[in-house]
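These are the residues of each chain, in order.
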Amino acid sequence: FVGLMQHLSIISCLQIAFDEPMKSLLAVAQVFAFDFSMMLRAECMGRLSSPADFGAKVGAIFGMGAVVMVTHVLFVLQRHGCAFRANQYKLISVLGTIAMSLNTSVTIFALRPFQCRSNPNGEWTMSVYEDVTCWSGSNSDHPVMLVMALVALLVPVALVASVLFVVRSLPKAVQL
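Keep in mind that this is a model prediction, so the values were computed, not measured. (Residues numbered from 1 in each chain as written. Predicted model: local features only at pLDDT ≥ 70, side-chain atom pairs only at ≥ 80, totals over all residues. Heavy atoms only, no water.)

Quick look at a nonpolar patch on the surface
Thinking step 1. The grouping of Val 70, Val 73, Leu 74, Leu 77 and Phe 84 at the surface amounts to a nonpolar patch, some 410 Å² of accessible area in total.
Thinking step 2. Positionally, Val 73 belongs in helix H4 (residues 50-80).
Thinking step 3. Assessed through its relative accessible area of 36%, Val 73 is described here as partly exposed. (Patch = residues over 30% accessible without salt bridge, like charges linked within 9 Å, V, L, I, M, F, W, Y side chains within 5 Å. Areas by Shrake-Rupley, 256 points an atom, 1.4 Å probe, with all protein chains shown as cover. Salt bridge = Lys/Arg side-chain N within 4 Å of Asp/Glu carboxyl O. Helix = DSSP H or I, 4+ residues; strand = E, 2+ residues; numbered from the N terminus. Buried < 20%, exposed > 50% of the residue type's maximum accessible area, 1.4 Å probe, protein only.)

Put into structure tokens, the structure is as follows:
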């Protein structure tokens, strides 16, 4: 159900004017989108430039994983006396659950620097960070944000790669 709602939230990003009841359904779907821009208010720390705001949110994505890993290390040290290999499956399960539940949201967020729109003055600006001019060369913040987006896209790419690896390895692992 959550996956379906997240996919519907992607449709609501398309800037299409929908009629009722689709309009209401897409509004409900936004609740399940886990929008990082709404959850992680980096501007609470002060006025940040668009690249700094986007970078803080990219850092928060990797920060969540780091917090889980540090918590796991401390837990294993305290409860299991350094038996990391025996408890590795717990870390993989938690990180996998987080990655699966946030996969759509992270992908939508990471693709934002690639979403640009034309303006009446002929310039292209980002849809979300309207002060950033797209594809204008090195004098813009856009190339920096594109690099950060590619780094953020490592999360969903790593998830898909690990799922493919497990699926490919499964027949060998279940052979008797």
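Quick look at the packing of helix H6 (residues 142-152) against helix H7 (residues 154-174)
Thinking step 1. At their nearest, the axes of H6 and H7 sit 5 Å apart, and the two run at 25 degrees to each other. Taken together, the axes of H6 and H7 are roughly parallel relative to one another. Contact residues: Leu 150, Val 151 and Ala 152 in H6; Leu 154, Val 155 and Pro 156 in H7.
Thinking step 2. Partitioning the contact of H6 with H7 into residue classes produces 6 nonpolar, no polar and no charged. (Axes fitted to C-alpha atoms, helices over the stretch in contact; angles between N-to-C directions. Parallel < 35°, antiparallel > 145°, perpendicular 65-115°, else oblique. Contact = heavy atoms within 4.5 Å. Nonpolar A, V, L, I, M, F, W, Y, C, P; charged D, E, K, R; others polar.)

A short note on the confidence of the model for the chain
Thinking step 1. Model confidence for the chain is summarised by a mean pLDDT of 81, while 82% of its residues fall at 70 or above.
Thinking step 2. Mean pLDDT per element in the chain: helix H3 (residues 36-39) is the minimum at 55, and H6 is the maximum at 91. (pLDDT = per-residue confidence, 0-100.)

Side note on the pattern of salt bridges
Thinking step 1. What the rule picks out here adds up to 2 salt bridges.
Thinking step 2. Asp 53 serves as the salt-bridge partner of Lys 57, at 3.0 Å between the closest nitrogen and oxygen. Of the two residues, Lys 57 and Asp 53 are both situated in helix H4; the distance of 4 residues between them amounts to about one turn of the helix.
Thinking step 3. When the shortest N-O distance is used, the salt bridge between Arg 117 and Glu 130 registers 2.3 Å.

Re the nonpolar core
Thinking step 1. By size, the foremost hydrophobic cluster in this structure holds 17 residues, and its most contacted members are Phe 54, Val 58, Met 126, Tyr 129 and Met 145.
Thinking step 2. Broken down by secondary-structure element, the contributors of at least two residues to this core are H4, helix H5 (88-110) and H6.
Thinking step 3. Not counting residues within four places of it along the chain, the set of residues in contact with Met 145 comprises Ser 50, Pro 51, Phe 54, Pro 113, Met 126, Tyr 129 and Val 132. (Core = buried A, V, L, I, M, F, W, Y, C linked by side-chain atoms within 4.5 Å.)

Structural notes on H7
Thinking step 1. Given a rise of 1.5 Å per residue, 21 residues ought to cover 30 Å, and the 29 Å separating the end C-alpha atoms of H7 matches this to within 8%.
Thinking step 2. The largest bend in H7 amounts to roughly 30 degrees and is located at Arg 168, with the proline Pro 171 lying one to four residues further along. (Expected span 1.5 Å × (residues − 1). Bend = angle between axes of the 7 residues up to and from the residue.)

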